[in-house]
Amino acid sequence: MHTNQQWDLIIIGAGPVGLSTAWNYAKNNPDNKVLVLDKYTLLTQLAGTSGEERHWRLQYSELDIFRLTLEADKLWQDLEKQADRKLIHRTGSLWFGDADVWTNEGQITQTMKSMDEMSLPYERLNMATIEQRYGFTHFDPNYEGFLQKDGGVIDVKGTLSTLYSLANDLNVTFQFGENVTAIEPDSEGVSVFSAEQRYRARKVLIASGPGSKALVAQLDIDLALSTYEMACISMLRSQRTGANDPFWFAFQQPIETDSNLFYGFPPNPWSVNGFDRLGTDFEVDPITDTHKPDFRANPQHVDRAIEFARRHMPFLNPDRECFSSSCLAVLPDNPERLFYLDTAKGRCHGGENVVISAGGWAFKFTPLLGQVCADLLNDKTPRWDISALRF
Ligand SMILES: Cc1cc2nc3c(=O)[nH]c(=O)nc-3n(C[C@H](O)[C@H](O)[C@H](O)COP(=O)(O)OP(=O)(O)OC[C@H]3O[C@@H](n4cnc5c(N)ncnc54)[C@H](O)[C@@H]3O)c2cc1C
């Protein structure tokens, strides 16, 4: 087996977390040699970051995570300045539905309490106002919600290409099409193996999205995460322009077959095609060794989204062009855990040389997670309290 030269840092995964770490680490350690390995290509649609957009929100039910989004917000603004382009479009974050139902996004009632406690302004809305203002129909009149105006939508490809360019400018090396099959840490560093190569580094970051759990399992660390193939359905509008309508999330009681949670992105401000995108947030049929992803949206979930659009979104035209895609969501099994990010120190031989990031609705934390990983890889205490992320 061919052995490549020694690196200071190897990052496994060129998703948002890997790219953000590459840039942050290279900025702080200009003399270090950094290598990013990815089994696919930049902007791959086959891992945990596909599509055009992600929801940006400041509000969280959990105060410790809420504080981190406020920090992430400052870092996004710095990144936008650095890149001289807009990455977050603050069109607002609209949550409505059964205010008492707990979901993997939190709960409306608790989140309003948290916004009060954090003095984050929001507009409380009843369902009649929401329907009248945004064109929805036939929701339970007892539903309620709020609009938080600083929320909105993150430009996924803009963010990834920005981080890639910034890291590339700092001489980070990228190797695409390289599937890491094994890692072996020891007290001096870490060996990283693919089918053809053996790499060696002082430190390694595992930021492999749906691939993290299997790599981490080799270190005898069992991350309680499950991966779901979630559907996203694009539909054209028949009425309403919706140029600056907010992102929305509908909180509903689960039904027998699924969690009954839907969210939607109105045509995003940078899109040329004007499609709305409707997502099904259904934690069903986790990917297992026998049940592999097929990277096509589950037809039953597509039908559920179309049925939802027909009933509640008369401004859409699901019978015209309508296409679907899927993406792998990696979520902690424990609903009280939102992410996992920590070093493997004390958990395996050489664990102090390995940092692991896995799981959660993490895109909105991209710049913050990159800085935290870079701190941990430099054996520094992260500059923010990340106890809620550690495992
Ligand atoms: C449908 C959907 C909607 C979402 N909505 C939101 C949202 O609105 N807001 C939000 O904040 N978050 C959201 N998320 C979550 C967010 O997209 C992810 O948390 C984030 O994009 C994951 O980034 P990552 O860098 O951790 O992993 P990924 O983007 O999955 O990147 C991991 C990389 O590692 C590579 N890789 C994997 N295994 C190996 C290996 N063995 N060897 C080499 N390379 C490997 C992959 O090819 C991939 O490029 C959503 C996720 C999904 C699926």
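These numbers were taken from a predicted model, which means no experiment stands behind them. (Residues numbered from 1 in each chain as written. Predicted model: local features only at pLDDT ≥ 70, side-chain atom pairs only at ≥ 80, totals over all residues. Heavy atoms only, no water.)

Trainee: I'd love a proper account of the domain arrangement of the protein chain, names of residues and values included.
Mentor: How big an interface is tends to be expressed through the accessible area that disappears when the partners come together. Here the protein chain is described as being made up of domain 1 (2-50 + 157-224 + 338-377) and domain 2 (93-149 + 226-332). Put simply, the middle of domain 1 and the middle of domain 2, counted by C-alpha atoms, are 31 Å apart. Between domain 1 and domain 2, the contact holds 15 residues from the first and 14 residues from the second. Taking both sides of the interface into account, the surface hidden between domain 1 and domain 2 amounts to around 1,100 Å²; carbon and sulfur atoms contribute 64%. Sorting the residues of domain 1 by area buried against domain 2 places Leu46, Pro210 and Trp361 first, and these three jointly supply 46% of that buried surface. Where domain 1 packs against domain 2, one counts 0 salt bridges. Taken together, domain 1 and domain 2 are joined by 2 residue pairs in polar contact (both at pLDDT 80 or more). (Domains from an automatic or database assignment. Contact = heavy atoms within 4.5 Å. Buried area = accessible area lost by both parts, 1.4 Å probe. Salt bridge = Lys/Arg side-chain N within 4 Å of Asp/Glu carboxyl O. Polar contact = N/O pair within 3.5 Å; in protein donor to acceptor, adjacent residues only side chain to side chain.)

Trainee: Could you give an account of the sheet that holds strand β16 (residues 275-280), with specific residues and numbers?
Mentor: Sheet strands pair by backbone hydrogen bonding; their relative direction is either parallel or antiparallel. Reading across the sheet, the 8 strands line up as β6-β7-β5-β14-β15-β16-β13-β17 and stay open at both edges, with mixed pairing between neighbours. If you trace the sheet from one side to the other, it starts and ends with β6 (123-126) and β17 (316-332), each paired once. Between one strand axis and the next, the sheet turns through 20° on average, direction left out of account. Packed onto the sheet, helix α3 (residues 108-117) meets β5 (93-97), β6, β7 (144-148) and β14 (247-251) and runs at close to 40° relative to β7. Here helix α4 (residues 127-134) sits on the sheet and contacts β5, β6 and β7; the angle it forms with β6, its principal contact strand, is near 95°. (Pairing = 2+ DSSP bridges. Helix = DSSP H or I, 4+ residues; strand = E, 2+ residues; numbered from the N terminus. Axes fitted to C-alpha atoms, helices over the stretch in contact; angles between N-to-C directions.)

Trainee: Describe the packing of helix α1 (residues 16-28) against helix α8 (residues 366-377), naming the residues involved and giving the relevant values.
Mentor: Where α1 meets α8, the axes come as close as 7 Å, and the angle between the chain directions of the two elements is 55°. Accordingly, the angle class assigned to the pair α1 and α8 is oblique. As α1 packs across α8, the resulting crossing turns out to be right-handed. Contact with α1, carried on its side by Pro16, Val17, Ser20, Thr21, Asn24, Tyr25, Lys27 and Asn28, involves Thr366, Pro367, Leu369, Gly370, Gln371, Cys373, Ala374 and Leu377 of α8 and no other residues of that element. A class-by-class count of the residues in the contact of α1 with α8 yields 8 nonpolar, 7 polar and 1 charged. (Parallel < 35°, antiparallel > 145°, perpendicular 65-115°, else oblique. Left-handed = near helix turned anticlockwise from the far one by under 90°. Nonpolar A, V, L, I, M, F, W, Y, C, P; charged D, E, K, R; others polar.)

Trainee: Please give an account of the environment of Leu236 that cites residues and values.
Mentor: Considering the arrangement of structural elements, one finds Leu236 in strand β13 (residues 225-237). Given the relative accessible area of 12%, Leu236 is considered buried. When the C-alpha atoms of Leu236 and Lys81 are compared, they prove to be 33 Å apart, with 155 residues separating the residues in sequence. (Buried < 20%, exposed > 50% of the residue type's maximum accessible area, 1.4 Å probe, protein only.)

Trainee: An account of the side chain of Ser234 is requested, with residue identities and associated values reported.
Mentor: Locating Ser234 in the fold gives a position in strand β13. The class of Ser234 is buried, set by a relative accessible area of 3%. Other than its neighbours up to four places away in sequence, Ser234 contacts Phe275, Asp276, Arg277, Glu321, Cys322 and Phe323.

Trainee: With reference to specific residues and values, describe the site of the ligand.
Mentor: Around the ligand, the structure places 33 residues, and the nearest of them are Asp38, Gly48, Thr49, Arg54 and His55. Between the ligand and Asp38 there is a distance of 2.5 Å, counted from an oxygen atom to a side-chain nitrogen or oxygen. Look at the ligand: alone it shows 1,000 Å² of surface, and the protein chains cover 94% of it. Listing elements by their share of the shell around the ligand, those giving two or more residues are α1, β2 (34-38), β3 (53-56) and β17. Counting residues per element, the shell around the ligand draws most heavily on β17, which supplies 3 residues. Of the residues assigned to the shell around the ligand, the class counts are 17 nonpolar, 11 polar and 5 charged. Each of domain 1 (2-50 + 157-224 + 338-377) and domain 2 (93-149 + 226-332) accounts for three or more of the residues forming the shell around the ligand. (Near = heavy atom within 4 Å. Areas by Shrake-Rupley, 256 points an atom, 1.4 Å probe, with all protein chains shown as cover.)

Trainee: Break down α4 for me, with residues and values.
Mentor: Taken together, the buried positions of α4 are Met127, Ile130, Glu131 and Tyr134. The arc that holds every buried residue of α4, seen down its axis, measures 95°, which confines them to one face. The exposed residues of α4 that point more than 90 degrees off its buried face are Ala128 and Gln132. The inward-facing, buried residues of α4 contact β5, β6 and β7. Two or three places before Ala128, at the start of α4, stands the capping residue Asn126, its side-chain oxygen 3.3 Å from that residue's backbone nitrogen. Once α4 finishes, Gly135 follows within two positions and takes phi at roughly 85°, a positive value. (Arc of directions from axis to C-beta.)

Trainee: Describe in detail α3, supporting the description with residues and values.
Mentor: Three or more residues of α3 are buried, namely Ile108, Thr111, Met112, Ser114 and Met115. In a view along the axis of α3, the buried residues occupy a sector of 160°, so they form one face of it. After α3 finishes, the residue Ser119 shows a positive phi value of roughly 55°.

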